[in-house]
Amino acid sequence: MAPASAADRLAGLPRDAEGPVFAEPWQAQAFALTLRLHEAGCFAWAEWTAALAAELRRAAECGEPDNDAAHYYDHWVAALEALVTAKGLTDPATLERRKHAWAEAYRRTPHGRPVELKR
């Protein structure tokens, strides 16, 4: 039997016959980015699961438990940001600049149009 893929190991995620399902496009993008970085050898799957577990634990300790999983992908993104920063793939200042640029881009984008991040 072939080893389980990274996607197969995410058994707790909502799924349909095609695979994981997402409430918002950004959730799918965060999921895909995590898988791609793992597949590219940027981090081991055990490192990813430890980062996500640490973020979920941190949120619970701060009085923000995600009992209904409404903020699961917010925690997912926070864990990914922490991991890529710890691995030296980016730095906090670069992440903040990118977040600010995206926030400005979506504020300027008319409703229903795709958000485009200009260089």
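Residues numbered from 1 in each chain as written. Predicted model: local features only at pLDDT ≥ 70, side-chain atom pairs only at ≥ 80, totals over all residues. Heavy atoms only, no water.

Comments concerning the packing of aromatic side chains
For step 1, the next point in the chain: All told, the structure shown has 8 aromatic pairs when counted by the stated rule.
For step 2, the next point in the chain: Between tyrosine 73 and tryptophan 76, the ring centres sit 5.3 Å apart and the planes meet at 40 degrees, which makes this aromatic pair tilted. Placement of the pair is tyrosine 73 and tryptophan 76 together in helix H3 (residues 72-86), with a separation of 3 residues, close to one helical turn. Each member of the pair, tyrosine 73 as well as tryptophan 76, is classed as buried.
For step 3, the next point in the chain: Ring pairs connect the aromatic residues Phe22, Phe31, Phe43, Trp48, Tyr72, Tyr73 and Trp76, which therefore count as one cluster. (Phe/Tyr/Trp six-rings, centres within 6.5 Å; stacked < 30°, edge-to-face > 60°. Helix = DSSP H or I, 4+ residues; strand = E, 2+ residues; numbered from the N terminus. Buried < 20%, exposed > 50% of the residue type's maximum accessible area, 1.4 Å probe, protein only.)

Quick notes on the side chain of threonine 109
For step 1, the next point in the chain: Topologically, threonine 109 is positioned in the segment after helix H4 (92-108).
For step 2, the next point in the chain: When its relative accessible area of 18% is taken as the criterion, threonine 109 is described as buried.
For step 3, the next point in the chain: Aside from chain neighbours lying at most four places away, what touches threonine 109 is Pro114, Val115 and Glu116. (Contact = heavy atoms within 4.5 Å.)

Looking at the pattern of salt bridges
For step 1, the next point in the chain: Under the counting rule described, the total for this entry stands at 5 salt bridges.
For step 2, the next point in the chain: A salt bridge links lysine 87 to glutamate 47; the shortest N-O distance between them is 2.8 Å. Residue lysine 87 is found in the loop between H3 and H4, and its partner glutamate 47 is found in helix H2 (residues 45-61); the two are separated by 40 residues along the sequence.
For step 3, the next point in the chain: The salt bridge partner of arginine 107 is glutamate 104, with a shortest N-O separation of 2.8 Å. Of the two residues, arginine 107 and glutamate 104 both sit in helix H4, 3 residues apart, roughly one turn of that helix.
For step 4, the next point in the chain: The exposure class of arginine 107 is exposed, given its relative accessible area of 54%.
For step 5, the next point in the chain: Taken together, the shared-partner salt bridges in this structure form one network comprising Glu81, Glu96 and Lys99. (Salt bridge = Lys/Arg side-chain N within 4 Å of Asp/Glu carboxyl O.)

Everything listed here is a matter of geometry and, on its own, says nothing about what the molecule does.
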